[in-house]
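Summary of structural features
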Amino acid sequence: MLELHVHTKNDFGRLLNTLVAKIFTKRTIKMRKKSKNETTPQQYVSDIVAIHEMNHRQNTLGVNHALMRHIDEFCGRPAKISDVTEDFCIAFSEFLASHVSKSSVKTYMQKLHAILDHAVAVRVIPSNPMPPVKAMVSGCRSAQRVYLTRDEIVRLSQTSCRHEETKRAFLFACQTGLRLSDIETLAWDDLTEVGGRLSVSKVQVKTGREVRVPLNAVAQELLGDQGGRGKVFSLMSRSVIASDLQNWAEAAAIDKHLTFHVSRHTFATLAIAAGVDIYVVSRLCGHTTVRTTEIYAHIIDEALLKGVSLLENAMLSDSAPKRGRERVGIWGRIKKMLAPRLLTVLK
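Definitions and cut-offs
Residues numbered from 1 in each chain as written. Predicted model: local features only at pLDDT ≥ 70, side-chain atom pairs only at ≥ 80, totals over all residues. Heavy atoms only, no water. Axes fitted to C-alpha atoms, helices over the stretch in contact; angles between N-to-C directions. Helix = DSSP H or I, 4+ residues; strand = E, 2+ residues; numbered from the N terminus. Parallel < 35°, antiparallel > 145°, perpendicular 65-115°, else oblique. Left-handed = near helix turned anticlockwise from the far one by under 90°. Contact = heavy atoms within 4.5 Å. Nonpolar A, V, L, I, M, F, W, Y, C, P; charged D, E, K, R; others polar. Salt bridge = Lys/Arg side-chain N within 4 Å of Asp/Glu carboxyl O. Buried < 20%, exposed > 50% of the residue type's maximum accessible area, 1.4 Å probe, protein only. Expected span 1.5 Å × (residues − 1). Pairing = 2+ DSSP bridges.

**Here we look at the packing of helix α7 (residues 150-157) against helix α8 (residues 164-176)**
A pair of packed helices is captured by two measures, namely the crossing angle of their axes and the spacing between those axes. As a packed pair, α7 and α8 sit with axes 11 Å apart at the nearest point and diverge in direction by 160°. On the basis of their axis angle, the class for α7 and α8 is roughly antiparallel. In the crossing of α7 with α8, the sense of the turn from one axis to the other is left-handed. Contacts from Ile153, Leu156 and Ser157 in α7 reach Lys167, Phe170 and Leu171 in α8. Classifying every residue of the contact of α7 with α8 by side-chain character gives four nonpolar, one polar and one charged.

Below is the structure:
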């Protein structure tokens with residue numbers, strides 16, 4: 001009989017994690033014995049994470065659990081060991097780069113590499129498919145809110161993509177702000193009429209909260225023939241989607257690191273630029289706090305300030321006023337007059 005000594009909340013947390021790890025470990029060992037030590041395609045990444053967690057410190061367990069949340073969000077479902085290939089690892093590192101800092105990308109990928117090494121040692125998988133972490137991380141850009149301009153969206157819509165379903169889903173996400181996990185699970189039953197307008201009403205995979213997005217004409221056109229059954233989009237694996245997007249962006253001569261999440265940044269940024277109230281944008285995106293949405297307002301502020309500076313420098317280089325006092329008054333009025341038109345910076 002196991003005697004338990006729990007004195008604090010932290011003691012309970014450590015005990016709970018240990019018990020969970022043991023349960024996963026027993027299940028994994030049983031599955032390996034049943035398959036005579038051969039890799040079982042139905043095993044989950046969480047199984048090998050659980051094996052790796054045995055006798056680790058509490059903060060290490062926290063990193064593992066955060067890593068699993070990112071992996072499950074990346075896959076849109078519990079990740080299987082058979083999913084983890086070299087392409088998967090590269091695409092996952094790019095996914096992380098669009099969500100967390102570069103140092104965090106390195107931490108998570110090093111942790112995943114160690115977990116896969118351990119899985120090889122206990123004969124769950126035959127070899128570690130991950131490329132060198134340093135090479136992957138060095139190729140990652142620091143986390144930033146990349147978004148597309150209206151002109152870039154038009155160029156993408158006019159450029160062919162290897163898988164047209166990837167193209168259709170991405171452009172639809174640009175018009176709705178839905179995450180990839182919600183696009184993947186979007187069903188025809190999630191489309192309803194609200195106030196005479198077709199809308200998406202579904203529970204978000206990431207937050208578990210309902211989001212409701214009225215569809216504009218472009219989004220409705222991208223849906224094609226309506227009234228079907230099952231899922232709206234039939235997408236390939238996430239690693240294939242990631243490859244599709246990069247090749248598509250290159251074909252459209254767009255020099256930006258295009259991930260599916262860029263569609264969500266694009267929707268929020270252009271909505272605020274168009275004058276949509278920030279609280280409305282927050283609701284449409286399903287953000288849990290308006291602080292997340294305010295980031296997009298800062299992007300527009302920076303673009304406007306940059307536009308003003310560029311315009312002022314161009315005009316001053318041509319003909320600078322003779323007197324300083326006149327310069328301040330005249331150019332101040334010019335900036336005030338042209339500021340509303342500087343939204344074209346985003347086009």
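**Some thoughts on the pattern of salt bridges**
Counting across every chain of the model gives six salt bridges. The partner of Arg77 in a salt bridge is Asp83, with the nearest N and O atoms 2.9 Å apart. A relative accessible area of 39% means that Arg77 is categorised as partly exposed. Residue Asp244 pairs with Arg162 through a salt bridge whose shortest N-O separation is 2.7 Å. With Asp244 in helix α11 (residues 238-251) and Arg162 in the loop between α7 and α8, the pair connects residues that are 82 residues apart, well separated along the chain.

**Topic: helix α12 (residues 261-273)**
Counted at 1.5 Å a residue, the expected span for α12 with its 13 residues is 18 Å, and the 19 Å between its end C-alpha atoms agrees. Among the 13 residues of α12, 13 are classified as buried, and the element is accordingly described as predominantly covered. Once α12 ends, the next one or two residues include Gly275, with phi positive near 100°.

**Overview of the environment of Pro126**
Position of Pro126 among the secondary structure elements: in the loop between α5 (102-121) and α6 (133-138). Taking the C-alpha atoms as reference points, Pro126 and Leu116, separated by 10 residues in sequence, lie 10.0 Å from one another.

**Re the sheet that holds strand β3 (residues 210-214)**
Reading across the sheet, the three strands line up as β1-β2-β3 and stay open at both edges, with antiparallel pairing between neighbours. The two strands at the open ends of the sheet, each matched to only one other strand, are β1 (191-194) and β3. The sheet shows a mean angle of 35° between the axes of neighbouring strands, taken without regard to direction. Here strand β2 (residues 197-203) runs beside β3; their pairing, made up of five bridges, is antiparallel. Note that in β3 the partner of Val200 across the bridge is Val213.

**A closer look at unusual backbone geometry**
Glycine aside, the phi torsion of most residues is negative, and most peptide linkages are trans. Despite not being glycine, Arg123 shows a phi value in the positive range, around 65°. With respect to the helices and strands, Arg123 occurs in the loop between α5 and α6. Arg123 sits in the exposed class, given a relative accessible area of 53%.

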